[in-house]
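# Examination of the molecular architecture
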Amino acid sequence: MKRLLWDKRFSGILWAVVLGAAFLMLSILIVNFVSGIPWYLLSSMLRAAFGVIILMLGTRLYGKTAREILSLHNSKIAILSGLGFLVFLLCYVAAVYVGCRGILGLTAGLFFARILLQQLTTALYEELNYRFLILEGYFHGNKSVWSRLLYRCASMAWVTGVQTCALPIFYAFVSFLVFGAAHVVTGWSTSAFFLSGAIGFTFAVIYLKSGNIVIPMLLHFIYDIPTNMTSYIKWKDASLLASMNSVLEIALAIMFLVPLVILIIDKSTVETKHTAS
């Protein structure tokens, strides 16, 4: 059991699933008793608390301090690796702006508690849990037989047939699956699963290429602002929204394919960029 919990190569994936499940269960429990602004405030506190727990776990599991985990090193590489997401984000914000007729029911309290505070802590918790914990193991070797076996199988994955890029693709797709699943626990939605998964995959590539978790946090926060604002938007005519959705589908494909190509083509410096800092 100790080896299972503290294997640097793959234990982070297990911890991410366990902590993600614990967070979801607590959230579902709390939301049965509170709602509105109190819920958003308590939810933010819960997210921040889990973020701190993960930072402490990261120190224990990977030997990295909170300052090292939250470092802004390799920011340029991180931004360049996230170009596909930036294209999608630009199209998404444009679609919301063009389709918005007005804002209804969004008070100053709701804006602070839901749009700002909850989304800021969401970016902190989710990037630490679904990116840092899951992906950091890629950078750490382990001598255990089980770890070496999984490492070798992943390295020889049929996706590319090339060891140097198959392993990071394996880790990125784990992030895709776990992050996508976390967003459909309370009700299955194919579109929500693939949208969340694709965003998670993009952020995973950013981290694998740069070792920088702060840039994915910032991008996550920026994306979540208009996403949560849509609950208070009065929309224009349906035909306009349909045309904007077509553009977003193309942007979504770009967002997924660009980091995938980056991960495959730029395979010689995946680890060196992370360790150079």
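For the structure itself, consult the block above.
Residues numbered from 1 in each chain as written. Predicted model: local features only at pLDDT ≥ 70, side-chain atom pairs only at ≥ 80, totals over all residues. Heavy atoms only, no water.

## Digging into the overall build of the chain
Scanning the chain from terminus to terminus reveals 13 helices and 2 strands. The burial tally for the chain puts 47% of its 277 residues in the buried class. In the chain, once contacts between residues fewer than 6 apart in sequence are set aside, the share between residues at least 24 apart is 84%. Element-wise, carbon and sulfur atoms account for 72% of the exposed surface of the chain, whose accessible area totals about 13,400 Å². (Helix = DSSP H or I, 4+ residues; strand = E, 2+ residues; numbered from the N terminus. Buried < 20%, exposed > 50% of the residue type's maximum accessible area, 1.4 Å probe, protein only. Contact = heavy atoms within 4.5 Å. Areas by Shrake-Rupley, 256 points an atom, 1.4 Å probe, with all protein chains shown as cover.)

## Topic: the layout of surface pockets
Any empty space left between the atoms is revealed when a probe the size of a water molecule rolls over them. In this structure, the largest pocket occupies an estimated 890 Å³ of space. For the largest pocket, the lining is made up of 32 residues, of which R47, T122, E126, A182 and H183 are closest to its centre. Going through the elements one at a time, α2 (11-31), α3 (36-62), α7 (108-135), α9 (163-182), α10 (190-210) and α11 (214-229) are the ones with two or more residues in the lining of the largest pocket. In terms of residues, the lining of the largest pocket owes the most to one element, α7, which gives 7 residues. Residues belonging to the lining of the largest pocket are distributed by class as follows: 17 nonpolar, 11 polar and 4 charged. Looking at the second largest pocket, its volume works out to about 350 Å³. Forming the walls of the second largest pocket are 15 residues, and the residues nearest its centre are Y92, L195, M244, N245 and L248. Of all the elements in the fold, those that place two or more residues in the lining of the second largest pocket are α6 (83-99), α10 and α12 (238-265). For the lining of the second largest pocket, the leading source of residues is α12, giving 6 residues. Among the residues forming the lining of the second largest pocket, the class breakdown is 11 nonpolar, 3 polar and 1 charged. (1 Å grid on protein atoms, 1.4 Å probe; cavity = no way out; pocket = protein on both sides within 12 Å on 5 of 7 lines; lining within 4 Å. Points joined across faces, edges and corners; volume = space filled by probe spheres on them. Nonpolar A, V, L, I, M, F, W, Y, C, P; charged D, E, K, R; others polar.)

## Remarks on a nonpolar patch on the surface
Where nonpolar side chains cluster on the molecular surface, the patch consists of I37, L41, F111, F112 and L116 and spans about 380 Å² of accessible area. When contributions to the nonpolar patch are tallied by element, the ones reaching two or more residues are α3 and α7. A total of 3 residues in the nonpolar patch trace back to one element, the largest contributor, which is α7. Relative to the elements of secondary structure, L41 occurs in helix α3. L41 sits in the partly exposed class, given a relative accessible area of 32%. (Patch = residues over 30% accessible without salt bridge, like charges linked within 9 Å, V, L, I, M, F, W, Y side chains within 5 Å. Salt bridge = Lys/Arg side-chain N within 4 Å of Asp/Glu carboxyl O.)

## A few points about the packing of α7 against α10
Here α7 crosses α10 at 50°, and the two axes come no closer than 10 Å. The orientation of α7 with respect to α10, classified from their angle, is oblique. Crossing handedness for the pair α7 and α10: right-handed. Contacts between α7 and α10 involve E127, R131, F132 and L135 from the former and G200, F203, A204, Y207 and L208 from the latter. Per-class residue counts for the contact of α7 with α10 are 6 nonpolar, 1 polar and 2 charged. (Axes fitted to C-alpha atoms, helices over the stretch in contact; angles between N-to-C directions. Parallel < 35°, antiparallel > 145°, perpendicular 65-115°, else oblique. Left-handed = near helix turned anticlockwise from the far one by under 90°.)

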